[in-house]
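# Structural overview for review
Listed here are the chains, written in short residue letters.
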Amino acid sequence: MTAAPSDSRGKEPRQLVLVVDDEEGLRRVVCRTLREEGYGTVEASHGAEALEIMETLPEPADLVVTDVVMPGMDGRELGRRLTQRWPAIPILYISAYDVNDIFRRGSPWDSAPFLQKPFPPDGLITTVRGLLKTRSVS
C-alpha cells in the first residue's frame, strides 16, 4: 500500500488519482504515467485496500482507476461501494478482458468509462483528463 500521495514534480499534486490493480507492474506503470503528467497517485493492490486508503486520506481521491478482475473484492464491487460513499468521484475501469464480456457480468452501468489493457499512455491520460474535466464542470 502506498498511503502518501506522490508527485514526481516535488510540488502539491493538482489532482489525486487512486490506482487499484493486483498486478504490481501495471499499477506502477499507470502511476508513473500519471505522475509524469503532474497528477498525484495513491496505489492499492485490491478493492478492500482501496476503500481503506480512501477512508484515511485527508480528502478523497479525485478519480479512481481500477482493474475489474481482482481477487477478493473486484473492481465492480469496489465501484459500487465508492459510488455509495463518494458519488461524485469518477471511476475508470480497466481490464484485459473484452468490455462486452466484463459489463455483461454485472457492471454498475453499461456506459461506465473503460480502457482495455494494454492501453497506450496517451489513451490513459486523455481519458483521465476527460473524466476529471467532466467532474470539475459538474
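Because the structure is predicted, anything quoted here is derived from the model rather than measured.

Quick look at the pairing of strand S5 (residues 91-95) now. Two faces, one strand: in a regular strand the side chains alternate between the faces of the sheet. Most of S5 sits out of view: five of its five residues are buried. The alternating pattern of S5 places Ile-91, Tyr-93 and Ser-95 and Leu-92 and Ile-94 on opposite faces, both of which are buried. Here strand S4 (residues 63-67) runs beside S5; their pairing, made up of four bridges, is parallel. Its bridge partner lying in S5, Thr-66 is registered against Tyr-93. In the classification by handedness, the crossover that spans S4, the intervening helix H3 (residues 75-85) and the parallel S5 is right-handed.

Under the counting rule described, the total for this entry stands at 10 salt bridges. The residue Arg-85 makes a salt bridge to Glu-55 at a minimum N-O spacing of 3.2 Å. Note that Arg-85 is positioned in helix H3 and Glu-55 in helix H2 (residues 47-56), a separation of 30 residues in sequence. A residue is classified by how much of its surface remains accessible, and Arg-85, at 47% relative accessible area, is partly exposed. Since its relative accessible area comes to 48%, Glu-55 is described here as partly exposed. Here Asp-74 makes a salt bridge to Arg-76, at a shortest N to O gap of 2.8 Å. Note on Asp-74: relative accessible area 17%, which makes it buried.

Where burial is concerned, most of strand S3 (residues 40-44) is hidden: five out of the five residues are buried. Every second residue of S3 is oriented toward a common face, with Gly-40, Val-42 and Ala-44 on one face and Thr-41 and Glu-43 on the other, all of them buried. For the handedness criterion, the β-α-β arrangement of strand S2 (residues 16-20), helix H1 (residues 24-36) and S3 is classed as right-handed.

Take the side chain of Glu-49 next. In this fold, Glu-49 is placed in helix H2. At 6.2 Å, Arg-27 is the nearest oppositely charged side chain to Glu-49, a buried residue that forms no salt bridge. A distance of 2.5 Å separates a polar atom in the side chain of Glu-49 from the backbone nitrogen of Ser-45.

Glancing now at the confidence of the model for the protein chain. The predicted model of the protein chain has a mean per-residue pLDDT of 86, with 82% of residues at 70 or higher. The model gives residues 1-11 a pLDDT under 50, and that stretch makes 28 contacts with residues more than four places away or in other chains.

As a further point, take the environment of Asp-67. Summarising the element assignment, Asp-67 is placed in strand S4. Taking the C-alpha atoms as reference, Asp-67 lies 5.5 Å from Ser-95; in sequence the two are 28 residues apart.

Here the structure, examined in full by the defined rule, presents zero aromatic pairs. One cation-aromatic arrangement involves Arg-14 over Tyr-39; the distance from NZ or CZ to the ring centre is 4.7 Å.

This part covers the nonpolar core. Grouped together as the largest cluster of nonpolar side chains are 23 residues, with contacts concentrated most on Leu-18, Val-20, Met-54, Val-64, Leu-78 and Leu-82. Listing elements by their share of this core, those giving two or more residues are S2, S3, H2, H3 and S5. Element by element, the count of residues in this core is highest for H2, at four residues. The contacts of Leu-82, once residues within four sequence positions are left out, are Leu-51, Met-54, Val-64, Pro-87 and Ile-91. Within the second largest apolar cluster, 17 residues are counted, among which are Cys-31, Leu-63, Leu-124 and Val-128.

What counts, and where the lines are drawn
Along each chain, residues carry numbers from 1 onward, in the same order as the chain's sequence is written. Local features are withheld for residues below a pLDDT of 70 in this predicted model, meaning they are given only at 70 or higher, and side-chain atom pairs are given and counted only at 80 or more; totals for whole chains, interfaces and linings count all residues. In computing side-chain values, all of the structure's heavy atoms are included and hydrogens and water are not. When a residue's accessible area, from a 1.4 Å probe over protein chains only, is under 20% of the maximum for its type it is buried; when over 50% it is exposed; and in between it is partly exposed. In this text, helices come from DSSP runs of H or I with a minimum length of four residues, and strands from runs of E with a minimum of two, each type numbered from the N-terminal end. Being paired, for any two strands, means DSSP has found at least two bridges between them. Place the viewer so that the strands point away; then a crossover is right-handed whenever the path from the first strand over the helix to the second strand goes clockwise. Whenever a carboxyl oxygen of Asp or Glu lies within 4 Å of a side-chain nitrogen of Lys or Arg, that contact is scored as a salt bridge. Think of it this way: Lys and Arg go in the positive column, Asp and Glu in the negative one, and His and the chain ends go nowhere. Two N or O atoms count as a polar contact when they lie within 3.5 Å, although within protein this holds only if one can serve as hydrogen donor and the other as acceptor, and sequence-adjacent residues are included solely when both atoms are side-chain atoms. The predictor rates its confidence in each residue with pLDDT, a number between 0 and 100. Two residues qualify as a contact provided that any one of their heavy atoms is within 4.5 Å of a heavy atom in the partner residue. In this analysis, rings of Phe, Tyr and Trp, with Trp reduced to its six-membered ring, are considered paired at centre separations within 6.5 Å, and the interplanar angle assigns stacked below 30 degrees, edge-to-face beyond 60, and tilted for intermediate values. Ring-over charges, as used throughout, are those where CZ of Arg or NZ of Lys falls within 6 Å of the ring centre and within 35 degrees of the ring normal. We call a set of buried Ala, Val, Leu, Ile, Met, Phe, Trp, Tyr and Cys residues a nonpolar core when their side-chain atoms join them within 4.5 Å.

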